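# Fold and geometry: a report
If you want the building blocks of each chain, they are given just below.
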Amino acid sequence: QVQLVESGGGLVQQGGSLRLSCAASGSPSSITTMGWYRQAPGKQRELVATITKYGSTNYADSVKGRFTISRDNAKNTVYLQMHNLKPEDTAVYYCSAFGTISSRTYWGQGTQVTVSS
C-alpha cells in the first residue's frame with residue numbers, strides 16, 4: 001500500500017555532511033509519522049529521528065544538534081540533514097512510515113552511509 005525509496009547515502013569524511021531523502025508512494029495520505037532508523041554492522045537497529053505530518057520532531061540523544069529531520073508533504077518526502085558526521089554514524093539508514101489506516105509500519109530498502117576518519 002505504501003512504498004518508500006531512500007536516496008542520498010554515500011561516503012564522507014568525518015566532519016562532513018550528507019542529506020538523505022525518502023519518497024513515499026502508494027497511499028501516503030494515511031501516513032502520520034515518518035522517521036529514520038539506522039543499523040551498524042553487528043548492532044541492533046536504532047531510532048535516529050521521527051517527524052509527524054505537522055512537524056513535531058524527536059531525536060536520539062546521539063544525533064541531537066547535528067541531524068535535522070524535515071518533510072515536504074506536497075512531495076510526500078522526508079529528509080534527514082546530517083552535519084558534523086562521525087565514524088560512529090556509519091550504518092545502513094532506513095526510512096520508515098506509519099500508516100494509521102493499516103496500523104502498519106512500512107520500511108524502505110536502506111541506504112549506506114559511511115563516515116571515514
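Scroll up for the structure.
This one's a predicted model, so the numbers in the text were calculated from it and none came from an experiment.

Thresholds applied
Residues numbered from 1 in each chain as written. Predicted model: local features only at pLDDT ≥ 70, side-chain atom pairs only at ≥ 80, totals over all residues. Heavy atoms only, no water. Helix = DSSP H or I, 4+ residues; strand = E, 2+ residues; numbered from the N terminus. Rg over C-alpha atoms; globule rule 2.2 N^0.38 Å. Buried < 20%, exposed > 50% of the residue type's maximum accessible area, 1.4 Å probe, protein only. Contact = heavy atoms within 4.5 Å. Areas by Shrake-Rupley, 256 points an atom, 1.4 Å probe, with all protein chains shown as cover. Phe/Tyr/Trp six-rings, centres within 6.5 Å; stacked < 30°, edge-to-face > 60°. Salt bridge = Lys/Arg side-chain N within 4 Å of Asp/Glu carboxyl O. Pairing = 2+ DSSP bridges. Axes fitted to C-alpha atoms, helices over the stretch in contact; angles between N-to-C directions.

### What to know about the overall build of the protein
Assigned secondary structure in the protein consists of zero helices and 11 strands. Relative to its length of 117 residues, the protein is compact, with a C-alpha radius of gyration of 14 Å against a globular reference of 13 Å. The buried share of the protein, taken over its 117 residues, is 40%. The contacts in the protein between residues at least 6 apart in sequence include a share of 53% that link residues at least 24 apart. Looking at the protein as shown, the accessible area adds up to about 6100 Å², and 48% of this sits on carbon and sulfur atoms.

### Looking at the packing of aromatic side chains
In this structure the tally under the stated criterion is one aromatic pair. Their ring planes at 70 degrees and their centres at 5.0 Å tell us that Tyr37 and Trp107 sit as a pair that is edge-to-face. Of this pair, Tyr37 sits in strand β4 (residues 31-39) while Trp107 is found in strand β10 (residues 104-107), placing the two residues 70 residues apart along the sequence. Residue classification places Tyr37 among the partly exposed residues on the basis of a relative accessible area of 24%.

### Considerations on the pattern of salt bridges
Counted according to the given criterion, the structure contains four salt bridges. In this structure, the salt-bridge partner of Arg38 is Glu46, at a minimum N-O distance of 2.8 Å. Residue class for Arg38 comes out buried when judged on its relative accessible area of 6%. Between Lys64 and Asp61 there is a salt bridge whose closest N-O contact spans 3.1 Å. Judged by relative accessible area, which is 49%, Lys64 ranks as partly exposed. Residue class for Asp61 comes out exposed when judged on its relative accessible area of 64%. Ionic contacts of the salt-bridge type, sharing partners, join the residues Arg38, Glu46, Arg66 and Asp89 into one network.

### Considering the pairing of strand β9 (residues 91-99)
Counted residue by residue, β9 has seven buried out of nine residues, so it is predominantly covered. Summarising the sheet, β4 and β9 pair through seven bridges and their orientation is antiparallel. Each residue of the ladder has a partner; that of Met34, found in β9, is Ala97. Pairing geometry for β9 and strand β11 (residues 111-116), over three bridges, is antiparallel.

### Here we look at the sheet that holds strand β1 (residues 2-7)
Strand order in the open sheet formed by four strands is β1-β3-β8-β7, with antiparallel pairing between adjacent strands. One side of each edge strand has no neighbouring strand; the edge strands of this open sheet are β1 and β7 (67-72). Looking at each pair of strands side by side, their axes are set apart by 15 degrees on average, direction ignored. The pairing of strand β3 (residues 18-26) with strand β8 (residues 77-82) spans six bridges and is antiparallel. The residue bridging Leu20 from the neighbouring strand is Leu80, located in β8.

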